Structures are given as structure tokens and as C-alpha cells.
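# Remarks on the overall topology
As a plain string of letters, each chain reads:
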Amino acid sequence: MTAFVPRRLSGALLVLLSLVHVSAAAAQQAPGTGTAVMTRYAQGRASIRATRLTQPLRIDGTLDEPFYGSVAGMGDFVQVEPRLGAPATEKTEVWVAYDADNVYIAFRCWESEPGHRVSTEMRRDGQKIFGGDDIAYFYIDTFHDQRNGYSFSINSLGAFNDGAVSNDQYLGDWNPVFRVATGSFDQGWTVEVALPFKSIRYGSDPEQTWGFNALRTVRWRNEYSVLSPEIGRAH
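For clarity, every value in this text was computed on a predicted model and none was experimentally measured.

## Some words on the overall build of the protein chain
Looking only at helices and strands, the protein chain has four helices and 15 strands in total. Burial analysis of the protein chain (235 residues in total) assigns 54% to the buried set. In the protein chain, 65% of the contacts between residues at least 6 apart in sequence involve partners at least 24 apart. Element-wise, carbon and sulfur atoms account for 50% of the exposed surface of the protein chain, whose accessible area totals about 10,800 Å².

## Here's the deal with the side chain of Thr 92
Among the secondary structure elements, Thr 92 is positioned in strand S6 (residues 92–98). A polar contact is formed between the side chain of Thr 92 and the side chain of Arg 216, at a distance of 3.0 Å. Apart from the residues within four sequence positions on either side, Thr 92 is in contact with Met 74, Gly 75, Phe 77, Phe 107, Arg 108, Cys 109 and Arg 216.

## Focus on the confidence of the model for the protein chain
This prediction gives the protein chain a mean pLDDT of 80; 77% of its residues lie at or above 70. Taking the mean pLDDT of every element in the protein chain, the minimum, 33, falls on helix H2 (residues 24–27) and the maximum, 97, on strand S13 (residues 188–196). Counting contacts from residues 1–12, a segment whose pLDDT is below 50, to residues more than four positions away or on other chains yields 32 contacts. Across residues 231–235 the pLDDT falls below 50, and counting only partners more than four positions away or on other chains, this stretch makes twelve contacts in the model.

## A few points about unusual backbone geometry
For the bond from Glu 81 to Pro 82, the omega torsion is 5°, close enough to zero to count as cis. Along the chain, the position of Pro 82 falls in the loop between strand S5 (78–81) and S6. Residue Leu 63 is not a glycine yet carries a positive backbone phi of 55°. Its place among the elements puts Leu 63 in the loop between strand S4 (51–52) and helix H3 (66–70). Backbone geometry at Asn 222 places phi at a positive 55°, although glycine is not the residue there. Inspection of the secondary structure assignment puts Asn 222 in the loop between strand S14 (207–218) and strand S15 (223–226). Looking at Asn 222, the relative accessible area reads 56%, which means it is exposed.

## A closer look at the pattern of salt bridges
One pass over the full model with this rule turns up five salt bridges. Here Asp 64 makes a salt bridge to Arg 58, at a shortest N to O gap of 2.6 Å. Ionic pairing is found between Arg 221 and Glu 90, a salt bridge with its closest N-O pair at 3.3 Å. Linking Arg 221 in the loop between S14 and S15 with Glu 90 in the loop between S5 and S6, this pair joins segments that are 131 residues apart in sequence. Connected through salt bridges with shared partners, the residues Arg 58, Asp 60 and Asp 64 form a single ionic network.

Criteria and thresholds
Residues numbered from 1 in each chain as written. Predicted model: local features only at pLDDT ≥ 70, side-chain atom pairs only at ≥ 80, totals over all residues. Heavy atoms only, no water. Helix = DSSP H or I, 4+ residues; strand = E, 2+ residues; numbered from the N terminus. Buried < 20%, exposed > 50% of the residue type's maximum accessible area, 1.4 Å probe, protein only. Contact = heavy atoms within 4.5 Å. Areas by Shrake-Rupley, 256 points an atom, 1.4 Å probe, with all protein chains shown as cover. Polar contact = N/O pair within 3.5 Å; in protein donor to acceptor, adjacent residues only side chain to side chain. pLDDT = per-residue confidence, 0-100. Salt bridge = Lys/Arg side-chain N within 4 Å of Asp/Glu carboxyl O.

Below, the structure is given as C-alpha cells:
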């Protein structure tokens, strides 16, 4: 089941990153006053412009830095199960940012019934993380080739399952160095990840285009929803 999700999600969105130096003014520009973070196209395709940061995020799961107030989270998740193509029943927001050292991915998972949340696994790569817990999941395809990438599944307790995909083969023994923290608020839970560039492989071009998608499960509804429903090859 863990390998199933990367194949379904790989390359559904394009993430644009500029790894060359940018001025502080350009890096701090709020998307509301300039370029939109996410643009959706026909057939579920979309592109994301990752936000360049001048200061590293504090990885504590609180999502209280100014970045989260000035940059709108990406949402409008779409169900894969049980009602393919229907809007997700619970709101999810996702952020993608980066600085000179890390890629940052954050989730805010809203819940209408927080008491129904399922989180039991506390071990790294434990089977219940994807097999039974409520999770936030993301996949990055750093070469944008639909054959290679990295996947991360995280539950609200901070336990995670990480793996690599190489030539369409899932490698569950890939264990990179990265930081993750989770938190709770009155109406849900949060995830914050800092993934060092040195922990992953990517191309040498200063202007990077990666594939990306995000998934969330709501177990008590038997629901899987994704940021982009496009399953075929992105262009």
C-alpha cells in the first residue's frame, strides 16, 4: 500500500524553485501582492511557485511564523476515495517553501470531529502509519521524470514513514536526515518538515522544476484526498 501512493501521485503538480541568490525584497514578497503560489489548469494539472525564505523556519509544529500569515496555504483537496473527484470533506492547507539549505513542507489539517482522529503508531516506518492512522503525506519528484522521487507519511504523533522511488521501485529502507514536528489546535492538527537539500538528489540547474503532490487521510470517513487529482503525466 505504501508503494501505491507514490505511483498515483507522482508528477501531478510542478514546483518551481530558484536556487540562485535572490534579493531580500523579492524573497519576502507576499504572494497576495505578486505572483500566486498555486495555479490550477484543466484536467487537474497545476503548478506551484515555492516561496523563497530569507530566514529558516522554526520546526515546532505551531505554524505561527509570519510566513504562514502572509502566504496563503494551498487547499481545495479532491477525494480519491470514497467519491473520486468530489471535494474533500475536511479542509487541508499545504505550504511549500525553501531557503539555501532546506525545503519546507507544512500542513494544517482541519477536523470537524477531532475526537475521531486515529493516531496510534509511534515508530519510524511502522506499518500502522499508512495502514491505519490519519496521515499527511507528500511526494516530491526532484528530477520531474515520473520515475524517481521521495515520499513522506506523517501522523499527528510525529511518527513517519519515509521512502524513495527509483525507476518506479519503492525503496522503504531509505532513511534520510530531516526534521519533522507536529502540533494540535482546537480544530485539527499540523505538520512541519525541514528536508535538507543535502539529503536528496536533484538536478544541477539553478532553476529547478520538481513534481509534487500531497495527500491526507481521514480514517473515520474512509477518505483519501489529494491536492491535485491529476494521475497521468504532467506537462
